[in-house]
Amino acid sequence: MTRHATPRGRTLLSLLLAAVLALSLLAPAAHAEDAVTSVSLDAGSSLSLTYGEDPFALVLWASYSGSSAKKDVTSSAVWTTSLSSVVKVSGGVLTPVASGKATITGKFGGYSASVAVTVEYPYSKLQLQRGGENAPSKLEAAVGDKLQLDVLGVKNGLTTELTEDADWTSSSAAVATVKDGEIEILSAGTTTIKASYRGVSASLTLTAESPYKAIELSETSLVELETGGSPARLSATAQPKDGGASLDVTSKAVWSSSAPTVVKAEKDGVLTPVGPGTATISVSLHGVTATVQAVVRQPYEVLKLSPSAELHLLLSDSPVQLSASIPSASGSAEDVTALAAWTSSDLYAATADGGLVTPKAAGSSTIKAEYKGVSRSLKVTVYPTAVRIKAAEEKLSAIVEETRELPSITAAGLDDAEFSVTKLVKWTSSDSDIVEIKDGKWIARKSGSAVLKAELGDMSVELPFEVNAKPLALLSETKNLSLVIGKTVGLPKLTITYTTGEEEDVTAKAVWKASGSSLLVLEDSMRGLASAKTTLTASYLGKTVSFPVTIEEEIVKLTVDPSSLTLNPNRSKTVKVTGTYKSGSTVSLAAKMDWSTDASAVASVQRGTIKALKLGSAKLTGTYQGKSVTVSLSVKPKLKSLVLSEKSLKLAPGASAQLKLKAFYDNGTYEEVTAASLWSSSRESSAAVTQGGTVSAVAKGTATIKAVFDGKSVTARVTVK
C-alpha cells in the first residue's frame, strides 16, 4: 500500500502516534533482558512525498519476547537511505532532496524494516508568460526598458500562478535585474532570466541593446586643471541608432572618475580638482561610453615650514608659531602662513590656528599646512607638566672614540607619574675635549673625567663621565664558581688590560648580572638561593666575561681515591673525588674542582685527570667549597725488564745462596730492587727464599724461585742434591 503524506495527513498521523505512544507507556514494559523479535514502520511499505514540503517523521516500533507491548525505538535505530540524492534520513526524519525513488531502512536489535519512498515535484514544469501569452525562449529589448514576466506552474493540465512565489534570477545583474518577474534593463549585453519553484524552473535569454550608437564629449583631448583652481564643465551628446538628431544627455548620463582623489566627476559634467595627478573621466548612458583624460597640476613645487623639525613641548610651554612659505629658484620665498589651511590631527593634544601651535593636553598630533595642492607636515608631542627630572643612569663610562645615544631622561608629573623627556632636555658637557655632545649623541674624545648635564627649564641632572683607554681584555683567574646555598661570598676578581699595557682591578666597576633567579648579585658579593646551575656575567667597557656557577648544598666531607699513585712519564690517571653533602647524599666532584700542583714541571692536572710530565714527585691539591684533598704523585721511568743475578742454582741440603734483582728502565737507567721485590718459591719443601732474595736448600728436589717487581716477574731454577 502506498501512503501519500499531506500536511493534514501528517497532523492526524502525529496525533495517532501520540495516542499509541501513551498506550504503550501504560502497557507492561518489556524487560531489559527480553529479546527483540521484530521491528515495523508506522508508514507501511511505501510512502509518497512532495519536494519542498516539510520533512516527514517515521516511527520504528520494536516487539519483544515476553511482552505484548511495542516500544518506540526511532531514536535508537540506525537509519539508511538507498539514494541520498533523492531523500535524506536522520533519526527517522525524511527530507526530500529531488524527484525520484529511494528505500529508507530502520535497523534495531538485529532486525530491520523498510519503506519505499517516492519524491515528486509539485509541478511537472513551469511556463514563462508575457502579456498573458507564453514567452519566447529569446527576447530583445533596449537599455532602460522595463519588462514584466509571469510564471505558471503546470501539472496534469492545470496551471497555478507562481509569479510572486517563484525565485527569480538574472545570470548577469550588470545587464538586467529581476524581482517578482519585473525586469529592469541596465546595460547592453545578454543575460538569462530564470524562474524556479520547488525543483522545477523555466528560463529565457534576454538580449539588451543600447538605443544610442555613440556618446560624445565636448572635450576630446586633455582636460587641464589646477589644484585650488576653478572646476571645469563638460557636456555629453548621444547619437540615436535610428539616425535622429543628436541629444544632449549631460544631465542624464553617469559621470565617473578613475581617481576621485585627483579629480571628482560630478553631476552635469562638473569636474572639480582635488589633488595633483591624472584621472580618466568617463561618461556612460544606456551602454555607450566615452572617456577623456584629465590632469591636475600644482601651481607650486613645494611648501616649507619653519621650524621644520619635530616639536616637543611641555603642557606648560608657550605656543610656538610656525610659518609656511613657497620658495623660488631665485632664493626668495612667498610667505603664505595666513593663506595656508592649517590642521591638527588631534585637536585635543594641540591646536594650530594660523600656524600657532598651542599645547592643550598630553599626547601627539600631526600639524599640516596646505596651500594650493602642496602641503607639509610635522609632528608635535605634548608632555605633561614636569616637576622634577632624573637620568636612567647615575654615571657613564666609555672608551676613547666610542659614541652612543645620550641617556634617557625621565620626568615626574604633577601626579608623580613618570614619562620620558629625553627629546626635551638640553645637554652640555663640562669638558668637550674629553666628551663631546653632537646630534643627540655623546662622543668620547680622550681619557679623562667630565660631567654631562641635562637641563629642562630650571630643572637639571648631572652625570659623571669617565673616558678610558681602549680595553684589550677582561680577565679573571677564576674559571668556575661553586656556591653553598645561603652563604654570601665575594665576587671574583676582575682585571682589565688596556691597549696601553696598563692593568686595572675593575671588580667594583663592572656590571654584574646573573642569568637566573637562583643567584642573588649584591654590590660586591653574591649569594646562592637555590640548587641550580647558572651563569654569572661581568661587563665593563664593552668587554664581557662569564663564569659557570653551581649552587648546591654544603659539602661536609671530601674523599679522594687513590690518595697516592705512581706514574710513568706521559701517563695519565683520573682520580675519583667523592663529596658528601650535609644531607648525607654524595656526589662525584673530580671534574668540578679547582686543581693545582706544587710541581708543574713534574705533573699537570685537569678535571681530576693527572698527567705525569717528568721524573720526580708532586703534590696535587683539589679544592671545592673551601675544602681540599691532596694526591701524592711519584713519577718514575717505565720498567723495561728484570734481570736476576743467577738464572739457576745447584745447592746441597742446608746450603744457601743470595740472588740479586736489577730493574732496567726505558730511559737507559737501572737499579737494584732486590729488597723492594716480592719473592716466592714454587716448592718450599725443597728450597725456600726470603723477601731479601736469600735462597736456602731444604731437601733434595727442585724449585722455581720467582721475583715480582712493578708488575713484572722473573724466575730462577734451584736444584738441591
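Basis of the calculations
- Residues numbered from 1 in each chain as written.
- Predicted model: local features only at pLDDT ≥ 70, side-chain atom pairs only at ≥ 80, totals over all residues.
- Heavy atoms only, no water.
- Helix = DSSP H or I, 4+ residues; strand = E, 2+ residues; numbered from the N terminus.
- Buried < 20%, exposed > 50% of the residue type's maximum accessible area, 1.4 Å probe, protein only.
- Core = buried A, V, L, I, M, F, W, Y, C linked by side-chain atoms within 4.5 Å.
- Contact = heavy atoms within 4.5 Å.
- Pairing = 2+ DSSP bridges.
- Axes fitted to C-alpha atoms, helices over the stretch in contact; angles between N-to-C directions.
- Patch = residues over 30% accessible without salt bridge, like charges linked within 9 Å, V, L, I, M, F, W, Y side chains within 5 Å.
- Areas by Shrake-Rupley, 256 points an atom, 1.4 Å probe, with all protein chains shown as cover.
- Salt bridge = Lys/Arg side-chain N within 4 Å of Asp/Glu carboxyl O.
- Phe/Tyr/Trp six-rings, centres within 6.5 Å; stacked < 30°, edge-to-face > 60°.
- Polar contact = N/O pair within 3.5 Å; in protein donor to acceptor, adjacent residues only side chain to side chain.
- UniProt positions renumbered as here; feature names shortened; annotations may be inferred.

The protein chain is annotated in an unreviewed UniProt entry as Ig domain protein group 2 domain protein from Paenibacillus pasadenensis.

Caption draft 1: View of unusual backbone geometry. Here Ser 306 and Pro 307 are connected by a cis peptide whose omega angle stands at -5°. Of note in the backbone geometry, Asp 439 takes a positive phi value of approximately 50° without being a glycine. Summarising the element assignment, Asp 439 is placed in the loop between β49 (435–438) and β50 (441–444). In this structure, Gln 625 takes a positive phi of about 55° despite not being glycine. Note that Gln 625 resides in the loop between β71 (616–624) and β72 (627–635). Owing to a relative accessible area of 16%, Gln 625 belongs among the buried residues under this scheme.

Caption draft 2: Expanded view of the nonpolar core. Ranked by size, the top nonpolar core spans 29 residues in total, and within it Ile 409, Val 421, Trp 442 and Leu 456 carry the most contacts. Elements represented by at least two residues in this core include exactly β43 (386–391), β44 (396–399), β46 (409–413), β50, β51 (448–456) and β52 (459–468). Top element by residues in this core is β52. It accounts for five residues. Those residues in contact with Ile 409 that lie beyond four places of it in its chain are Ile 389, Lys 390, Ala 391, Phe 419, Ser 420, Val 421, Thr 422, Val 425, Trp 427, Ala 454 and Val 461.

Caption draft 3: A look at the sheet that holds strand β64 (residues 564–567). The four strands lie next to each other as β64-β72-β71-β68, forming an open sheet whose pairing is mixed. Of all strands in the sheet, those bounded by a partner on one side alone are β64 and β68 (594–597). Strand-to-strand twist in this sheet, taken as the mean axis angle between neighbours without regard to direction, amounts to 25°. With four bridges joining them, β68 and β71 adopt antiparallel strand pairing.

Caption draft 4: The arrangement of a nonpolar patch on the surface in detail. A surface patch of nonpolar side chains, about 210 Å² in accessible area, is lined by Leu 520, Leu 522 and Leu 529. Assignment of secondary structure puts Leu 529 in the loop between β60 (525–528) and β61 (532–540). Owing to a relative accessible area of 42%, Leu 529 belongs among the partly exposed residues under this scheme.

Caption draft 5: Focus on the environment of Ala 687. Tracing the sequence through the fold places Ala 687 in strand β79 (residues 687–689). Residues Ala 687 and Ala 699 lie 12 residues apart in sequence; the distance between their C-alpha atoms is 7.1 Å. Residues in contact with Ala 687, not counting those within four places in the same chain, are Ser 681, Val 695, Ser 696, Val 698, Ala 703, Val 718 and Val 720.

Caption draft 6: View of the packing of aromatic side chains. All chains considered together, the criterion is met by seven aromatic pairs. With centroids separated by 5.7 Å and ring planes inclined at 20°, the aromatic side chains of Tyr 300 and Tyr 371 adopt a geometry described as stacked. Of this pair, Tyr 300 sits in the loop between β32 (288–297) and β33 (304–306) while Tyr 371 sits in strand β41 (residues 363–371), and the two are 71 residues apart along the sequence. The interplanar angle of 80° and the centroid separation of 4.9 Å between the aromatic rings of Trp 442 and Phe 465 together place this pair among those described as edge-to-face. Within this pair, whereas Trp 442 is found in strand β50, its partner Phe 465 is found in strand β52, the two being separated by 23 residues in sequence. Neither Trp 442 nor Phe 465 differs from the other in exposure class; each is buried.

Caption draft 7: Representation of the side chain of Ser 257. For Ser 257, the location among the structural elements is in strand β28 (residues 254–257). Separated by 2.8 Å, the side chain of Ser 257 and the backbone oxygen of Val 263 make a polar contact. Look past the residues within four positions of Ser 257 in its chain and what remains in contact with it is Val 263, Ala 265, Ala 279, Thr 280 and Ile 281.

Caption draft 8: Broad picture of the UniProt feature "domain: BIG2" (unreviewed entry) in the protein chain. Under the local residue numbering, the UniProt record ascribes the feature "domain: BIG2" (unreviewed entry) to residues 35–118, 128–206, 211–295, 299–381, 554–634 and 638–719. Annotated as residues 128–206, this span is 0% helix and 65% strand, and its ends, taken at the C-alpha atoms, are 13 Å apart. Span residues 211–295 is 0% helix and 56% strand, its end C-alpha atoms 32 Å apart.

Caption draft 9: View of the sheet that holds strand β2 (residues 36–41). On the basis of which strands lie adjacent, the open sheet formed by three strands has the order β2-β5-β6 and antiparallel pairing. Edge positions in the sheet fall to β2 and β6 (70–72), since each of these pairs with one other strand and no more. Across the sheet, the mean angle from the axis of one strand to that of its neighbour is 30°, orientation sign disregarded.

Caption draft 10: Looking closely at the pairing of strand β8 (residues 87–90). Alternating positions in β8 separate cleanly, Val 87 and Val 89 being buried on one face and Lys 88 and Ser 90 remaining unburied on the opposite face. Inspection of the sheet shows β8 paired to strand β9 (residues 93–96) by four bridges, in the antiparallel sense. Across the sheet, residue Lys 88 finds its bridge partner in β9, namely Thr 95. Count of turn residues in the β8/β9 antiparallel hairpin: two residues, of which Gly 91 carries a positive phi of about 60°.

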